[in-house]
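# Survey of secondary and tertiary structure
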Amino acid sequence: MTRPNRTRTAAEPPPPPAPAAPSGDPASGGPVRRRPPGRRVLGRWGLFLAAVSVSCLALAVWSFGRATERVDTRLPLPEVVDGTVPVVWQGTPQNFTVRGKVAGQDQEYLVGDPTPGDGSLRIEIALDHTVNSWGGWMFTRGYYAGPGARGQLDWGKHPRCGYDLSGATALTVVSRGGQGGERVEVFTLGQGYDPESGLTTADWPDSANKVRQTVTLTDQFETYTIDLRGIDLHYVGNGFGLTATAADNADAQSVVVELADVRFELPDAAQTIADRADAADRARRTDLGIGWATLLAAVVGAVGVVVKTWIGTRRETP
């Protein structure tokens, strides 16, 4: 058998040179991959730290905002006397000190201003039977533009103009008539509601519509009770209201009412209100704690990203 002639002839071109082998790592002998100078890549851990940092920063901003909101929306705390929240105490308005006159259309002139008496508050309401008049007063918490500002009627237009009286079981009214036999309506709540439809007419109405009761007064001080069990009392702007109508007092030209005491019966009132204040303060401190902790985590994460980027850049420099 003859072998093929492997001798390269002059006409045949030389074979192409083999590609140069990649330079090896002096330590391991493996290939070294180099990125273009100046190119910085975070890598998985860097991206993870960046995501954690941004998330913590967002949570910190939310927590600080929530803590601020708790302060801005915290309801005022009523003063407690003898375990109750008074509206009229021994003839003096208390807690709900901003009075608003209510009456039929163009009948305000029939309602006189309350005047202090001997341990009572005296209210006189004239009656015009030709137009079936009605009128009275509401004792509200009112709106205060700032510390030391004088209270103004609110009618549900401003926030933080009510007390949280959740848990109150009744409103008790100690009252008498000028002659006896006067029929009046006593009520609480209802500020910011339309009296006809019962729909809200304001941005910050009371937490419930009017709870009322019509009573017949005697010429001696008697106690009348409005049951409040089951009523939402978490926002009470109108503490107490009193009205008289010509229809209910057909034989009278006016109605005289004396109020000695009007109070919300709230079991363990002092402790309950103090506990609510403490709970609100604890919630605010918790939000602040979360805010500072997440802000610190965001800073640590940002520093980690910077360090990771710097180390990666140093390693990639030729």
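Described in the following lines is the structure provided in the data block. (Residues numbered from 1 in each chain as written. Predicted model: local features only at pLDDT ≥ 70, side-chain atom pairs only at ≥ 80, totals over all residues. Heavy atoms only, no water.)

## Points about the packing of aromatic side chains
This structure, assessed with the given rule, holds three aromatic pairs. Aromatic side chains F96 and F264 sit 6.0 Å apart centroid to centroid with 45 degrees between the ring planes, which places their arrangement in the tilted category. With F96 in the loop between strand 2 (92–93) and strand 3 (98–103) and F264 in strand 12 (residues 254–265), this residue pair connects regions lying 168 residues apart in the sequence. A relative accessible area of 0% means that F264 is categorised as buried. Ring geometry for F139 and F240: centres 6.0 Å apart, planes at 35 degrees, overall tilted. Linking F139 in strand 6 (residues 134–140) with F240 in strand 11 (residues 238–245), this pair joins segments that are 101 residues apart in sequence. Neither F139 nor F240 differs from the other in exposure class; each is buried. Following the ring pairs from residue to residue traces out a cluster consisting of F96, Y163 and F264. Lying over the aromatic face of F187, K210 brings its terminal NZ or CZ to 4.3 Å of the ring centre. (Phe/Tyr/Trp six-rings, centres within 6.5 Å; stacked < 30°, edge-to-face > 60°. Helix = DSSP H or I, 4+ residues; strand = E, 2+ residues; numbered from the N terminus. Buried < 20%, exposed > 50% of the residue type's maximum accessible area, 1.4 Å probe, protein only. Lys NZ or Arg CZ within 6 Å of the ring centre and 35° of its normal.)

## A look at the sheet that holds strand 11
What the five strands build is an open sheet, ordered 3-6-11-8-9; its pairing is antiparallel. Each edge of the open sheet is held by one strand with a lone partner, namely strand 3 and strand 9 (211–216). On average, each strand axis in the sheet is inclined to that of its neighbour by 20 degrees, with strand direction left out of account. Two elements, strand 8 (residues 183–188) and strand 11, share three bridges in a ladder whose sense is antiparallel. Of the residues in strand 11, the one forming a bridge with E185 is T243. (Pairing = 2+ DSSP bridges. Axes fitted to C-alpha atoms, helices over the stretch in contact; angles between N-to-C directions.)

## What about the environment of P76?
Within the secondary structure, P76 sits in the loop between helix 1 (43–73) and strand 1 (84–89). On the basis of relative accessibility, which here comes to 16%, the residue P76 falls in the buried class. Sequence spacing of P76 and G162 is 86 residues, and the spatial spacing of their C-alpha atoms is 7.2 Å. Among all residues touching P76, those that are not within four sequence positions of it are R141, R160, G162 and Y163. (Contact = heavy atoms within 4.5 Å.)

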